[in-house]
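Residues per chain, in single letters:
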Amino acid sequence: RNEIEEAVACAFTEVLGVTPVGIEDNFFELGGHSLRATRVVNQIEAKTGVRLPLKAIFTAPTARLLAKEVEQAKVKSKAYIPIPQAEDKEAYPMSSAQMRIYLINQMDDAGIAYNMPTVMRINGTLDRGRMKYALEQLAIRHEALRTSFHMHGGELVQRIAKEVQLELEYEERIAEKEEKLLHSFVHPFNLAKAPLMRMKAVKIGEDKTILLLDMHHIISDGMSMDIFTKELSKLYKGEQLKPLSVQYKDYSEWMRTRDLSEQSRYWQGVFREPAPVLDLQLDYVRPQT
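The sections below set out a description of the structure shown in this document. Residue indices begin from 1 for each chain and proceed along its sequence in written order. At least 70 in pLDDT is required for a residue's local features to be given in this predicted model, at least 80 for side-chain atom pairs to be given and counted, and no such filter applies to totals for whole chains, interfaces and linings, which use all residues. With hydrogens and water excluded, all non-hydrogen atoms of the structure serve as input to the side-chain values.

1. Quick look at the overall build of the protein
Helix numbers and strand numbers start at the N terminus; a helix is a DSSP run of H or I with at least 4 residues, a strand a run of E with at least 2. The helix and strand tally for the protein stands at ten helices and seven strands. For the protein, the C-alpha atoms occupy an extent of roughly 60 × 55 × 50 Å along the three principal directions. Partly exposed describes any residue whose relative accessible area lies between the buried limit of under 20% and the exposed limit of over 50%, with all areas from a 1.4 Å probe on protein chains only and scaled to the type maximum. By residue count, 36% of the 289 residues in the protein fall in the buried class. The contact definition used throughout considers only heavy atoms, calling two residues in contact when any of these lie within 4.5 Å. Considering only contacts in the protein between residues 6 or more positions apart, those separated by 24 or more positions represent 70%. Surface summary for the protein: the accessible area is close to 18,800 Å², and the carbon and sulfur share equals 51%. Note that His is not counted, nor are the chain ends; the positive residues are Lys and Arg, and the negative ones are Asp and Glu. A charged residue contributes its charge at one atom only: NZ of Lys, CZ of Arg, CG of Asp or CD of Glu. Mean positive and mean negative side-chain charge positions of the protein (39 and 41 charges, respectively) differ by 2 Å. Accessible surface area values rest on a Shrake-Rupley calculation with a 1.4 Å probe, where residue burial reflects the displayed protein chains alone.

2. A look at helix α4 (residues 63-74)
Multiplying one less than the number of residues by 1.5 Å gives the expected span of a helix. With twelve residues, α4 ought to run about 16 Å at 1.5 Å a step, and its terminal C-alpha atoms sit 16 Å apart, in line with that. Of the positions making up α4, those classed as buried are Ala63, Leu66, Ala67, Val70 and Ala73. Along the axis of α4, the buried positions cluster into a sector of 125 degrees, meaning they face one direction only. Directions from the helix axis toward the C-beta atoms define the arc.

3. Notes on the nonpolar core
Grouped together as the largest cluster of nonpolar side chains are 34 residues, with contacts concentrated most on Met197, Met199, Phe228 and Leu232. If you list the elements that add at least two residues to this core, you get α5 (96-107), β2 (115-123), α6 (128-141), β6 (197-205), β7 (208-216) and α8 (222-236). When sequence neighbours within four positions are dropped, the list of residues in contact with Met197 reads Leu135, Leu145, Leu166, Phe189, Leu213, Asp214, Met215 and Phe228. Listed in part, the 23 residues of the second largest apolar core include Ile4, Ala11, Val15 and Val70. Residues enter a nonpolar core if they are buried and are Ala, Val, Leu, Ile, Met, Phe, Trp, Tyr or Cys, with the set joined through side-chain atoms within 4.5 Å.

4. Details of the pattern of salt bridges
A pair is scored as a salt bridge if a Lys or Arg side-chain nitrogen falls within 4 Å of a carboxyl oxygen belonging to Asp or Glu. Counted according to the given criterion, the structure contains 18 salt bridges. Note that Arg1 is salt-bridged to Glu5, the shortest N-O span being 2.7 Å. With a relative accessible area of 73%, Arg1 lands in the exposed category. For Glu5, a relative accessible area of 4% puts it in the buried group. One salt bridge in this structure joins Arg256 and Glu253, with 3.1 Å as the shortest N-O distance. On the criterion of helical spacing, the pair formed by Arg256 and Glu253 is a turn pair, its members being three residues apart in helix α9 (residues 248-256). According to the relative accessible area criterion, Glu253 is buried, its value standing at 12%. Members of the salt-bridge network, linked through shared partners, are Glu171, Arg173, Glu176, Lys180 and Lys200.

5. Details of the sheet that holds strand β3 (residues 147-152)
The strand order across the open sheet formed by three strands is β1-β4-β3, and the pairing between neighbours is antiparallel. Each end of this open sheet is capped by a strand with a single partner; those strands are β1 (92-93) and β3. Taken together, the two bridges between β1 and strand β4 (residues 155-160) define a ladder with antiparallel strand orientation. Note that in β4 the partner of Tyr92 across the bridge is Gln158. Pairing between two strands requires that DSSP report at least two bridges joining them.

6. Concerning the packing of helix α1 (residues 3-16) against α4
Every angle, taken between N-to-C directions, lies between 0 and 180 degrees, and every axis is a line fitted to C-alpha atoms, over only the stretch in contact when it is a helix. Contact pair α1 / α4: the axes reach a minimum separation of 9 Å and the direction vectors enclose 120 degrees. Of the possible angle classes, the one that applies to α1 and α4 is oblique. In this structure, the crossing between α1 and α4 has a hand that is right-handed. For the pair α1 and α4, the contacting residues are Ile4, Glu5, Val8, Ala9 and Phe12 in the first and Ala63, Arg64, Leu66, Ala67, Val70, Glu71 and Lys74 in the second. Here is the rule for angles: anything less than 35 degrees is roughly parallel, anything more than 145 is roughly antiparallel, 65 through 115 is roughly perpendicular, and the remaining ranges are oblique. By definition, any crossing whose near helix is turned counterclockwise from its far helix by less than a right angle is left-handed, and any crossing with a clockwise turn is right-handed.

No statement about biological role is implied by the geometric values presented.
Structural data, given as structure tokens:
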């Protein structure tokens, strides 16, 4: 009925992949959850310039109700400022999430604990040339697929290579079980060497091929895997993708410039007293680490 309702409904459609979306359709009944709600908040901010709190979607889960929240928040909202592109540098500080995973990996060999493997099935004949082309285009498109991680001068940094070779391994293992193939495919990554992903095509039948894909969690998460598989499919079909305006290093650089003094004061107050030692009856002596 108005532009704001249209913007909210469009945000639902883009995040959930559902169309059409009516103004009375409930976000959570359409398949929404908390992670998707966060993406909707970001989409609405980009479309309307209004930043809603995440809880607004839980209290107003339809486009009609959420549009009212946007209208009320517009009065006191600040102008929307998109994440700027970072300047070109040889290396960038890791984000806090990357530091956490990197340090755990250094402290205790994590093996494949942070690997994110998945299987995609292809019915019919796989065009290996087209699939390799799709992989190469994704490596050009996403800097994360060209990123490696290092300790340099006592600092944790990420480096983005100009180009990397994403190989598509291939073999034929007729009637082999997928679980067994995936188990033998997954092995540890060297975080200092990009790309931190690998892919293998295995023909397991006359007209059936499976794609084994593995990425390290330091460059991806569940949402990243979803984006990767969808874009891979589109490129394989010969479709064009819209250019990206922001890469992960732009986000991590932007995060470092934010004023977190208010949050810092809050948490310093919360932890003014030392955290209590957990006093539980244990069968064994609790180790220091």
